[in-house]
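Survey of secondary and tertiary structure
So the chains spell out like this:
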Amino acid sequence: MATRYDISRDELTELLAGTPRYRVDQVWNGLYDRLGEPAGWTDLPIAMRESLATQLPTALQPVAESVSDRGDTVKFLWELDGGSRIEKVLMLYRDRATVCISSQAGCAMACGFCATGQSGFTRHLTVGEIVEQVVRATERARQAERRVSNIVFMGMGEPMANEPTVWASVERMHGDLGISARHITISTVGIVPGIRTLATRPLPVNLAVSLHAANDELRDELVPINRRYPLSTLMDACAGYLQAKGRRLSFEWALIDGVNDRDRDARLLVERSRSLPLPAHVNLIPLNPTPGYAVRGSSPRRVRDFRDLLREGGVNATIRRTRGTDIDAACGQLRATHEAVSASAVVELHPRG
Ligand code: SAH
C-alpha cells in the first residue's frame, strides 16, 4: 500500500473521487503545509480525517530520538515497513535548520571507514519514506521555531544508486514542501551513471562527491566502487554536471591520519579540483571513529594545515564542524542497529518487547 507521502496528487484525486474538488487541495495542504496528523486538519470533516488516517498510513514508525548535549542536534531512529531501520539528523542553527536524510536502509558501497557501509545493504527507500523524513523533521524544527532551509542526502545509503526515486523526492521537496532545489545537496560516492542522469534533470540541486582520495590506487582501497568508476571517468561526469548546471560542485574529504592527509594528497587534490571547468570546493572533516575501522582521524592541527595547503593551491576549502558526535549522529556513524545508538542519550518512544 502506498504510504502518506508516496501518493501523488493525481492518486489523491482518485482516492477522493466523489468528494468536491477543493477537498484535494485541502488534503494536499494538510500533507505539505499544516503537517502533523489528519486529525488536526480542521478544515476537513471529521469522518474524512478519520478515513484519511487509515487510507494514508505513515511510513516511518518512531523508535528512538536522541539530542546532543548542546541541544542543537537531534537524531531520529525510524522503523520502516519490513522492519529495517534508518536514521536522520536534524541540525538546528540560529534561525534555520538543516536535515540530513537517508536514501537507503543500509548501503552496498562498502566504504570501510563508514559505519553504514560496514553494516551492508538492506533496501532502497521509497519516495514516501524519503519525503516523510523531511516532513517529520520540519514538524520538529517548528517546535524549536526554526524553518528547515537545507536538505542534505548524507544519511544512510547511496542516493545515486536509486536516482529516479531520489529525484522524485527532490521534486516533492522543491515543489510541495517549498525547499528550494538550490538548498538541496545530493552526496554521492561517485556512481557515474547516476551523476550523468542527474545532470539532465531540470532543477539545480547541488552535487557533493565523496572523493577522499585523488589517485586511483588509494581510492580503490578507501572507496571500492572506484574500481568500477575510476577517477578519470568520475571527473568527466563531474565536469559534465558543472557544464549542465553551472553550479559549484564540492568534494567531501574525510581526513584520515597518515592515509590521505599528507602534503602530496593535498597537491593531488588541488590538481583534481582545478581540472574541472569551475574548481570544486573542498569540505574537510576529520574522520569520525567507527567500530569497524581502526585508523584515526587527523589531528585538528593537521586538518588546518591541509586546508591551508589547498588554499595556497587556489582551492576553496572549509572545515566542517562535526555535529552530534556524542550521540553518534556524525557522518558515517549512522547505522541500522539500534544497539549502536549510545544508550544514555536515547529516549525510547515505543519500547519493543
Ligand atoms: N553515500 C553517499 C552519502 C552518505 S555519507 C556518499 O558517499 O556521499 C555522507 C558523507 O559522510 C560522505 O562524504 C561519506 O564519505 C562521509 N563519511 C562516511 N563515513 C565517515 C566517517 N567515519 N567520518 C567522516 N566522514 C564519513
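This text goes with the structure placed above it.
Residues numbered from 1 in each chain as written. Predicted model: local features only at pLDDT ≥ 70, side-chain atom pairs only at ≥ 80, totals over all residues. Heavy atoms only, no water.

This part is about the layout of surface pockets. By volume, the largest pocket amounts to about 820 Å³. Around the largest pocket, the lining comprises 33 residues; the ones closest to its centre are Thr98, Val152, Met154, Asn283 and Arg320. Those elements that place two or more of their residues in the lining of the largest pocket are β3 (85–92), β4 (97–100), β7 (148–153), β9 (206–210), β10 (249–255) and β11 (281–286). Of the residues belonging to the lining of the largest pocket, the class tally is 15 nonpolar, 11 polar and 7 charged. (1 Å grid on protein atoms, 1.4 Å probe; cavity = no way out; pocket = protein on both sides within 12 Å on 5 of 7 lines; lining within 4 Å. Points joined across faces, edges and corners; volume = space filled by probe spheres on them. Helix = DSSP H or I, 4+ residues; strand = E, 2+ residues; numbered from the N terminus. Nonpolar A, V, L, I, M, F, W, Y, C, P; charged D, E, K, R; others polar.)

Another point: the pairing of β3. Of all 8 residues making up β3, 8 are buried, and the element is well covered by its neighbours. Side chains of β3 alternate between two faces, with Arg85, Glu87, Val89 and Met91 and Ile86, Lys88, Leu90 and Leu92 buried alike. Relative to β3, strand β2 (residues 73–79) runs antiparallel, the two being bridged by 7 bridges. When the bridges of β3 are listed, Glu79 appears paired with Arg85. Between β2 and β3, which pair antiparallel and follow one another directly, the connecting turn spans 5 residues, one of which, Gly82, has a positive phi of 100 degrees. If you look at the hairpin formed by β3 and β4, you'll find 4 residues sitting between the two strands. (Buried < 20%, exposed > 50% of the residue type's maximum accessible area, 1.4 Å probe, protein only. Pairing = 2+ DSSP bridges.)

The next subject is the packing of helix α7 (residues 192–200) against helix α9 (residues 231–245). Look at α7 against α9: their axes get within 9 Å of each other, and the N-to-C directions meet at 10 degrees. The angle between α7 and α9 falls in the class roughly parallel. Contact residues: Val192, Ile195, Arg196, Leu198 and Ala199 in α7; Thr233, Leu234, Asp236, Ala237, Tyr241, Ala244 and Lys245 in α9. Considered class by class, the residues forming the contact of α7 with α9 number 8 nonpolar, 1 polar and 3 charged. (Axes fitted to C-alpha atoms, helices over the stretch in contact; angles between N-to-C directions. Parallel < 35°, antiparallel > 145°, perpendicular 65-115°, else oblique. Contact = heavy atoms within 4.5 Å.)

A word on the packing of aromatic side chains. In this structure the tally under the stated criterion is 5 aromatic pairs. Aromatic side chains Phe76 and Trp78 sit 5.8 Å apart centroid to centroid with 10 degrees between the ring planes, which places their arrangement in the stacked category. Comparing Phe76 with Trp78, the two get one shared label, buried. By way of ring pairs, the aromatic residues Tyr5, Trp28 and Tyr32 are connected into one cluster. Across the ring face of Tyr93, the terminal group of Arg96 is positioned such that the distance to the ring centre comes to 4.6 Å. (Phe/Tyr/Trp six-rings, centres within 6.5 Å; stacked < 30°, edge-to-face > 60°. Lys NZ or Arg CZ within 6 Å of the ring centre and 35° of its normal.)

Okay, helix α11 (residues 300–312) next. For α11, with 13 residues, the first-to-last C-alpha span of 18 Å sits near the 18 Å given by 1.5 Å per residue. Within α11, burial applies to Val303, Phe306, Arg307 and Leu310. Buried residues of α11, seen end-on, are gathered within an arc of 100 degrees and therefore sit on one face of the element. The outward face of α11, more than 90 degrees from its buried face, is lined by the exposed residues Arg301 and Glu312. Among the structural elements, β10, α10 (263–274), β11 and β12 (317–319) are those in contact with the buried residues of α11. Downstream of α11 by a residue or two, Gly314 has a phi angle that is positive, lying close to 90 degrees. (Expected span 1.5 Å × (residues − 1). Arc of directions from axis to C-beta.)

To continue, consider the environment of Thr54. When you line up the elements, Thr54 lands in helix α3 (residues 46–55). Sequence separation between Thr54 and Ala141 is 87 residues, and the spatial gap between their C-alpha atoms is 26 Å.

In the vicinity of the ligand there are 20 residues, among which Gly157, Ser187, Ser210, His212 and Asn288 approach most closely. Measuring from a nitrogen atom of the ligand, one finds a backbone N or O atom of Gly157 at 3.0 Å. One of the backbone N or O atoms of Thr188 is found 3.4 Å from an oxygen atom in the ligand. Listed by contribution, the elements that provide at least two residues to the shell around the ligand are β8 (184–188) and β10. Here the shell around the ligand is built from residues that sort into 9 nonpolar, 9 polar and 2 charged. (Near = heavy atom within 4 Å. Polar contact = N/O pair within 3.5 Å; in protein donor to acceptor, adjacent residues only side chain to side chain.)

Looking now at the environment of Gly324. With respect to the element layout, Gly324 can be found in the loop between β12 and β13 (346–348). Under the relative-accessibility criterion, Gly324 is labelled buried at 9%. A C-alpha to C-alpha distance of 39 Å links Gly324 and Ser51, two positions 273 residues apart in sequence. If we skip the residues at most four places from it in the chain, Gly324 touches Ser68, Thr73, Ala329 and Ala330.

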